[in-house]
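Fold and geometry: a report
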Amino acid sequence: MTLDENMETREIIRKIALLNALRYGGKAQPKPVLGKLLGECPHLRGKIKEVTSLIGEVVQEVNRLPLEKQRKIVEEKWPELLVSEKVEEERVLPPLPNVEKYKQVVTRFSPNPDFVLHLGSARAIILSYEYAKMYNGQFFLRFEDTDPKTKKPKLQFYDTIREDLSWLGCKWDAEFIQSDRLEIYYEHAEKILKDGGAYVCVCKREDFQEKVRTKQPCPCRDLTSKENLLRWKRMLNGKYSEGEAVVRIKTDLNHPNPAVRDWPALRIIDTKKYPHPRVGSKYRVWPLYNFACGVDDHIMGITHVIRGKEHLTNQARQEYMYQHFGWEYPEAIHYGRLKITGASLSKSVILQGLRDGLFKHWDDPRLATLAALRRRGITPEAIRCLIIDVGPKTADVVLSWENLYAYNRKIIDPAANRYFFVRDPRKLTVKNIPHAFTAEVPLHPDYPERGFRSYEIEPEKGEASFLVSNDDTDLLKKGRKVRFMGLFNLQVEEVEKNLIQAVFHSESYEEAKKLGAPLIHWILLNSGIPCEVVMPDASTANGVAEEACKKLSPNELIQFERFGFVRIDKVNKKLTVYFAHR
Ligand SMILES: [Zn+2]
């Protein structure tokens, strides 16, 4: 091949390898890559040897990249391939209503940056994102941070939310921050006051509530728009203090839900006392949720709002405002509640747990925050599959962790290499070993091409010592025969408190099968690395991981054989890993 041909072929291989890697949890396989390449470029059939070594190189390069990075490259360079892959392989969401009414589907995710996101938020994100993609539309991220007092945003959460979205692979086409948009809300407030769709109410809260409960207007409702605008100016220039005036949207006072009747749209917050983390004390009049959200959905051209059914009342409120402005309300899809057994998806419950010291941090493994799931090695692909599977159905859904694990296992099992971890180690000595052995254990039994972990056993006077797990006590009773995985078969002779004595039995795996000897894992005494496993209930399991684990790096997902899948968290003198699932 000429240099140019070589470069060109390399790029085609890279494309095929990346797609293959995406399909198999981040690890491309050389063989299917070769097959696909020869299908695409039949002229290479005469150059198998050159091509094979090229594939070997490229596959290695690709497999060194984390899965998110692989997906990103494909998204950027060959987005059309990703689309066709999806159609082939994945479940699809039910269609959105009235798509044909709009030029382009536009959805949004609009969190208040006052806390981290959890599995429930992932549903809003993934559905909104996927629907936008499905219809070739746009997906926006909008920070709804207009309550510096009771739901005060925190600067750090703007970034953690962006990180979570990126991690989920939900790239947003535009970002808005409501605290940058106060002038826009002021303009709309002025307009709706001028047009008589709203009024500035200066009644005491209790007095207003009493009126509205009995479906009566408060005295402010019938002010002229001139008077309202005068009061509005006073709100803005500080003549009223916090709690003294509020802009209310006129609704039907007979609406069955009192909470909908003449709902508050903008109020005063003493930002000298409660400064906003982004804009400090610059503004004192702040829109409430429904006003800011409703105005923005219209201005931003949101066509489909996908959110939980707890927002149904908000829709009822906002529709009055839309009428006053002469706007058309977007299509709204309200899905049911999502619960996961054993973990709270309620922000307030999680916050209380953090305050009480029950959870050390919001990535505590007992929580279903995205940070916690990520730390445990739950992949964004698994979350995505789960959410798409549940879809936007209106019935409540109760999931078990096992539902999520099943998706995750399918994704990481082909990618995760295998290693030995001996929990609660006990010493075991084997006598009568006839000669030196080299144990070769495959990194992954289904993919022998990935290679082996290999350990030399050099007996002294026929004897060698190992560590085995206390979990295998039942298999290591006197007289029992077991096979050390990848090594040899042995028979237990004596079980003492601090030592198990055994004798070499035979070498072959076939022999072990004949004997019915169970396979157990092991580590050579005085080798390996101390290892702490953080379990889903936040307890820890301690032991030793095999020598090869010293070379692992943070974020790798591996399987400890006969123990479970884990994510590497830290590698120092000690290995710290988080347990994902079995
Ligand atoms: Zn009033």
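No experiment lies behind these values; they were computed from the predicted model shown.

**Describing the packing of aromatic side chains**
Under the criterion given, the structure shown has 26 aromatic pairs. A ring pair is formed by phenylalanine 437 and phenylalanine 504, whose centres lie 5.8 Å apart and whose planes are at 40 degrees; its orientation type is tilted. One end of the pair, phenylalanine 437, is in strand 15 (residues 437–442); the other, phenylalanine 504, is in strand 20 (residues 500–506), with 67 residues separating them in the sequence. Each of the two residues, phenylalanine 437 as well as phenylalanine 504, counts as buried. Their ring planes at 15 degrees and their centres at 6.4 Å tell us that phenylalanine 484 and phenylalanine 488 sit as a pair that is stacked. Across the pair, exposure class does not vary: phenylalanine 484 and phenylalanine 488 are buried alike. An aromatic cluster of three or more residues is present, and its members are Phe420, Phe437, Tyr455, Phe466, Phe484, Phe488, Phe504 and Trp522. Positioned above the aromatic ring of phenylalanine 208 is the side chain of arginine 248, whose terminal nitrogen or guanidinium carbon lies 3.4 Å from the ring centre. Over the aromatic face of phenylalanine 420 sits the side chain of arginine 453, whose NZ or CZ is 4.7 Å from the ring centroid.

**Quick notes on the coordination of the zinc ion**
For a metal with four donors in a tetrahedral arrangement, the ideal angle between donors is 109.5 degrees, while six donors in an octahedron ideally sit at 90 or 180 degrees. Those donors, Cys201 (SG), Cys203 (SG), Cys218 (SG) and Cys220 (SG), are the protein atoms that reach the zinc ion, and they lie 2.2 to 2.4 Å from it. If you look at the zinc ion, its four donor atoms make angles of 102 to 117 degrees with each other, and the shape they trace is tetrahedral. Residue classification places cysteine 218 among the buried residues on the basis of a relative accessible area of 3%.

**A word on the environment of lysine 151**
Tracing the sequence through the fold places lysine 151 in the loop between strand 2 (138–143) and helix 7 (155–167). Note: C-alpha distance between lysine 151 and asparagine 112 (39 residues apart in sequence) is 8.0 Å. Ignoring anything within four residues of it in the chain, the contact list for lysine 151 reads Asn112 and Asp114.

**Some words on the sheet that holds strand 5 (residues 246–249)**
The strands that make up a sheet are held in pairs by hydrogen bonds between backbone atoms, and each pair lies either parallel or antiparallel. Strand order across the open sheet formed by four strands is 4-5-6-7, with antiparallel pairing between neighbours. Of all strands in the sheet, those with a lone pairing partner are strand 4 (198–201) and strand 7 (285–287), marking the two edges. Adjacent strand axes in the sheet meet at a mean angle of 20 degrees, parallel and antiparallel pairs treated alike. Against the sheet, helix 10 (residues 225–237) contacts strand 4, strand 5, strand 6 (264–268) and strand 7, and its axis sits at roughly 55 degrees relative to strand 4.

**A short note on the pairing of strand 5**
Of the two faces of strand 5, the one carrying Val246 and Arg248 and the one carrying Val247 and Ile249 are both buried. In the sheet, strand 4 pairs with strand 5 via four bridges, with the strands oriented antiparallel. When the sheet's bridge partners are listed, cysteine 201 is paired in strand 5 with valine 246. Judged from the three bridges that link them, strand 5 and strand 6 form a sheet pairing that is antiparallel. Across the sheet, residue arginine 248 finds its bridge partner in strand 6, namely proline 264.

**Overview of the side chain of glutamine 70**
Structurally, the position occupied by glutamine 70 is in helix 4 (residues 67–77). With relative accessibility at 0%, the residue glutamine 70 sits in the buried group. Discounting chain neighbours no more than four positions away, the residues touching glutamine 70 are Leu18, Ala21, Leu22, Gly26, Val62, Asn63 and Leu65.

**So, the pattern of salt bridges**
Per the counting criterion, the structure on display carries 43 salt bridges. In this structure, glutamate 381 and arginine 71 form a salt bridge, with 3.6 Å as the shortest nitrogen-oxygen distance. Of the two residues, glutamate 381 is situated in helix 15 (residues 380–390) and arginine 71 in helix 4; the sequence distance between them amounts to 310 residues. The class of glutamate 381 is buried, set by a relative accessible area of 13%. Since its relative accessible area comes to 17%, arginine 71 is described here as buried. Overlapping salt bridges, with partners in common, bring together Arg108, Arg142, Glu144, Arg181, Asp296 and Asp297 in one network.

**Some words on the nonpolar core**
Membership of the largest hydrophobic core comes to 52 residues, with the highest contact counts inside it found for Phe109, Leu168 and Ile383. It is helix 6 (residues 119–134) that contributes the most residues to this core, nine residues altogether. Non-local contacts of phenylalanine 109, meaning those with residues more than four positions away in its chain, are made with Leu117, Ser121, Ala124, Ile125, Phe139, Phe140, Leu141, Arg142, Ile161 and Leu165. Ranked by size, the runner-up nonpolar core spans 34 residues in total, among them Ala198, Ile249, Val279 and Val295.

**Re the sheet that holds strand 12 (residues 417–419)**
Ordered in space as 12-25-26-27-23-24-13, the seven strands form an open sheet in which the pairing is mixed. Looking at which strands have only one partner, the edges of the open sheet turn out to be strand 12 and strand 13 (421–423). Across the sheet, the axes of successive neighbouring strands diverge by a mean angle of 40 degrees, strand direction being ignored. Pairing geometry for strand 13 and strand 24 (residues 540–545), over three bridges, is antiparallel. Within the sheet, the bridge partner assigned to valine 422 lies in strand 24 and is valine 544.

**Points about the packing of helix 1 (residues 3–23) against helix 2 (residues 30–40)**
Here helix 1 crosses helix 2 at 130 degrees, and the two axes come no closer than 10 Å. For the element pair helix 1 / helix 2, the angle class is oblique. Crossing of helix 1 against helix 2: the hand is right-handed. Contact residues: helix 1 offers Thr9, Ile12, Ile13, Lys15, Ile16, Ala17 and Asn20, while helix 2 offers Pro32, Val33, Lys36, Leu37 and Glu40. Class assignment of the residues belonging to the contact of helix 1 with helix 2 gives a composition of seven nonpolar, two polar and three charged.

Thresholds applied
Residues numbered from 1 in each chain as written. Predicted model: local features only at pLDDT ≥ 70, side-chain atom pairs only at ≥ 80, totals over all residues. Heavy atoms only, no water. Phe/Tyr/Trp six-rings, centres within 6.5 Å; stacked < 30°, edge-to-face > 60°. Helix = DSSP H or I, 4+ residues; strand = E, 2+ residues; numbered from the N terminus. Buried < 20%, exposed > 50% of the residue type's maximum accessible area, 1.4 Å probe, protein only. Lys NZ or Arg CZ within 6 Å of the ring centre and 35° of its normal. Donors = N, O, S within 2.8 Å, 3.2 Å for Na, K, Ca; no water. Tetrahedral: all angles 85-135°; square planar, octahedral: opposite > 155°, others 65-115°. Contact = heavy atoms within 4.5 Å. Pairing = 2+ DSSP bridges. Axes fitted to C-alpha atoms, helices over the stretch in contact; angles between N-to-C directions. Salt bridge = Lys/Arg side-chain N within 4 Å of Asp/Glu carboxyl O. Core = buried A, V, L, I, M, F, W, Y, C linked by side-chain atoms within 4.5 Å. Parallel < 35°, antiparallel > 145°, perpendicular 65-115°, else oblique. Left-handed = near helix turned anticlockwise from the far one by under 90°. Nonpolar A, V, L, I, M, F, W, Y, C, P; charged D, E, K, R; others polar.

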